[in-house]
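Tertiary structure, described
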Amino acid sequence: MRALLSLAIGSFGIGMTEFVVMGLLPNIARELVPTVWAASPDDAIAQAGWLVSLYALGVVVGAPTIAGSVARFPRHRVMIVLAAALAFFTLLTVIAPTFELVAASRFLAGLPHGAYFGIGALVAADALGPGNRAKGVAFVLTGLTIANVVGVPLGTLLGQQVGWRAAFAVVTGIFVLATICIALFVPKHPGAPGRRLRDELRVFRIGQVWFALGIGAVGFGGFFAMYSYIAPMITEVAGQPEWAVSLVLVLVGVGMTVGNVVGGALADKDLRFWLFVGLVALGAASVGLALTAGWIVTLVLFAFLVAFCGAALSPGIQTRLMDVAEDNQSIAAALNHSALNIGNSLGAFLGGLAIAAGLGLVAPAWVGAVLALGGLIVAIVSYRVEDRSGRHPEHRMPAAEAATTAITGSIPTQG
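Here is a short report on the structure shown in this document.

The rules behind the values
Residues numbered from 1 in each chain as written. Predicted model: local features only at pLDDT ≥ 70, side-chain atom pairs only at ≥ 80, totals over all residues. Heavy atoms only, no water. Core = buried A, V, L, I, M, F, W, Y, C linked by side-chain atoms within 4.5 Å. Buried < 20%, exposed > 50% of the residue type's maximum accessible area, 1.4 Å probe, protein only. Helix = DSSP H or I, 4+ residues; strand = E, 2+ residues; numbered from the N terminus. Contact = heavy atoms within 4.5 Å. Phe/Tyr/Trp six-rings, centres within 6.5 Å; stacked < 30°, edge-to-face > 60°. Lys NZ or Arg CZ within 6 Å of the ring centre and 35° of its normal. Salt bridge = Lys/Arg side-chain N within 4 Å of Asp/Glu carboxyl O.

Quick notes on the nonpolar core
Core analysis: the largest hydrophobic core is formed by 75 residues, its most contacted members being Val21, Phe223, Met226, Tyr227, Ile230 and Leu299. Top contributing element to this core by residue count: helix H16 (residues 296-324), with 11 residues. Not counting residues up to four positions away in its chain, the partners in contact with Ile230 are Val248, Leu249, Leu299 and Ala303. With 33 residues, the next largest nonpolar core counts Leu4, Ala83, Leu86 and Ile174 among its residues.

Some remarks on the packing of aromatic side chains
All chains considered together, the criterion is met by 10 aromatic pairs. On the basis of an interplanar angle of 10° and a centroid distance of 6.2 Å, the ring pair of Phe19 and Phe224 is categorised as stacked. One end of the pair, Phe19, is in helix H1 (residues 2-23); the other, Phe224, is in helix H12 (residues 221-227), with 205 residues separating them in the sequence. The same class applies to Phe19 as to Phe224, namely buried. Relative to Phe224, the ring of Phe223 lies with its centre 4.9 Å away and its plane at 65°, an arrangement referred to as edge-to-face. Neither Phe223 nor Phe224 differs from the other in exposure class; each is buried. Through a chain of ring-to-ring contacts, three or more aromatic side chains come together here, namely Phe19, Phe220, Phe223, Phe224 and Tyr227. The side chain of Arg320 reaches across the aromatic face of Tyr383, ending 4.2 Å from its centre.

Re the side chain of Thr235
Residue position: Thr235 is located in helix H13 (residues 230-237). Its relative accessible area of 18% is what places Thr235 among the buried residues. Residues within four places of Thr235 in sequence aside, it is in contact with Gln240, Pro241, Glu242 and Val245.

Brief notes about the pattern of salt bridges
With the rule as written, the count across this model stands at three salt bridges. For Arg165, the salt bridge is made with Glu31, and the minimal N-O distance between the two is 3.0 Å. Residue Arg165 is located in helix H9 (residues 164-185), and its partner Glu31 is located in helix H2 (residues 25-32); the two are separated by 134 residues in the primary sequence. Residue classification places Arg165 among the buried residues on the basis of a relative accessible area of 19%. Asp387 is the salt-bridge partner of Arg272, the closest N and O atoms lying 3.0 Å from each other. Note that Arg272 is positioned in helix H15 (residues 271-292) and Asp387 in helix H18 (residues 363-389), a separation of 115 residues in sequence.

Here it is in structure tokens:
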């Protein structure tokens, strides 16, 4: 149990470092790009949105490459190094004096993210032994869930009151604690000496894998287009005080948590139908948010629904990817994490472009609706190609189980 708790502390820190920046974009923009802020706060917020995109790109690059490259090393040692790297790169965010250096530190901080979850999930799965492996993975994931419900809102409030760097200083301390606990309590865990990165990369030869990644990268971007700019929507569009951002983020975190569980159950009944319906629902919720963001009650309602629908899609997307990856399950799980973070980067980037183009602070919600529609189109094409080829997956990963692994980027193995 101490080993699982140690890993969960790290996942809590990852949840905070990835998402707390979204609630603090106005504060970061005001300090790091003051000249732009003085001329146009909207342009400054759009520029600060690059920090979200760069972190996500770090995850995209690091998840498959690091996980594949270190597969042959003892996993407990790899986890110590990854946790220490997360602490160091987050510390760089705290002390970096300029926007450019903060941006670089965010990209670097994203690199260990996916590998930490992927390898950590394997360690947790084995820690409890056969028959209880999914429970171990779910326990580690609990850290990320709690971060969205508690850590991110509290970190946002701290950053607003004390300064945004204080929030990242707390996250640095959490990663230091995780590093120490992993070193002390996670038992020795061998790697897979025969595995090499080139073996893992064979998954890219499968056409349906690219379609599945596209569903996540485009469709899930609809959620992040909203989430990345939720703070200015609350304060500037709905006219609420800064402290209201933290309260809304709590509800968004609850929506993500509930959606992940519900989505797993629904996808188990009919994966194809749920992917289609979930993407339509995500687009509709985004349109509702765009049309009613001026009223705080409806903003909260539709932000909750966008978070619910986005998270509910995660286990379905994970399941689809695992279905089509054949015997390349481990790298496919890591690639799922990359795909969702491409969605993170794409949503934040396009939302920022829309704001910078003068379309207003609700424009990211419209961008989210378009991305959800794009994900739906990719899903429809994917299934039509599969139907015409007559090649359907013979085995599928239960979506309820995928709900515990979609965010971690890994999958419990069977013993």
